[in-house]
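Working through the structure, step by step
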Amino acid sequence: MPEPVDRTEGPRDGAGRRPAEPPLPRATSIAGGPVLIEGPVEIVLPDGEVRVCDRPVVALCACRRSLRFPLCDTSHRPRVRS
Ligand code: FES
């Protein structure tokens, strides 16, 4: 697992601001649904296999019901009876 980045240290400009940095990757947890991650991203599976997803947004299953785990296949949604 990568070490967390300490963003409190490092060089600053004359006004005490930190130089421009690339934005942090963002993950958004959807209530009752997946975690949306800005892609492209590498997903490390429990067995160590690495899958690359080059989509702009990747939905990771957080409910464990997906048939395409670790990707969300919308199985978290309630079924609609007809
Ligand atoms: S979060 Fe969508 S299938 Fe699990």
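Keep in mind the model is a prediction, meaning the values are calculated, not measured.

**Quick word on the overall build of the chain**
- Along the chain, the regular secondary structure elements total 0 helices and 5 strands.
- Ordered by position from N to C terminus, the α and β elements of the chain give β-β-β-β-β.
- For the chain, whose C-alpha radius of gyration is 18 Å, the value lies well above the compact-globule estimate of 12 Å for 82 residues.
- By its C-alpha atoms, the chain is 65 × 30 × 20 Å across when sized along the principal axes.
- Sequence separation of 24 or more characterises 16% of the internal contacts of the chain that already satisfy a separation of 6 or more.
- Accessible area for the chain stands at about 7100 Å²; split by element, carbon and sulfur atoms hold 55% of it.

**Observations concerning a nonpolar patch on the surface**
- On the surface, a cluster of nonpolar side chains totalling about 280 Å² of accessible area is made up of Val44, Val50 and Val52.
- Checked against the element boundaries, Val44 lands in strand β3 (residues 41–44).

**Overview of the nonpolar core**
- Within the largest apolar cluster, 5 residues are counted, these being Ile43, Leu45, Cys53, Val58 and Leu71.
- Among all residues touching Val58, those that are not within four sequence positions of it are Val35, Leu36, Ile37, Val41, Ile43, Cys53 and Leu71.

**What to know about the side chain of His76**
- Of note, His76 is situated in the segment after β5 (57–60).
- With sequence-adjacent residues up to four places away left out, His76 is seen in contact with Gly32, Gly33, Pro34, Cys63 and Arg65.

Definitions and cut-offs
- Residues numbered from 1 in each chain as written.
- Predicted model: local features only at pLDDT ≥ 70, side-chain atom pairs only at ≥ 80, totals over all residues.
- Heavy atoms only, no water.
- Helix = DSSP H or I, 4+ residues; strand = E, 2+ residues; numbered from the N terminus.
- Rg over C-alpha atoms; globule rule 2.2 N^0.38 Å.
- Contact = heavy atoms within 4.5 Å.
- Areas by Shrake-Rupley, 256 points an atom, 1.4 Å probe, with all protein chains shown as cover.
- Patch = residues over 30% accessible without salt bridge, like charges linked within 9 Å, V, L, I, M, F, W, Y side chains within 5 Å.
- Salt bridge = Lys/Arg side-chain N within 4 Å of Asp/Glu carboxyl O.
- Core = buried A, V, L, I, M, F, W, Y, C linked by side-chain atoms within 4.5 Å.
- Buried < 20%, exposed > 50% of the residue type's maximum accessible area, 1.4 Å probe, protein only.

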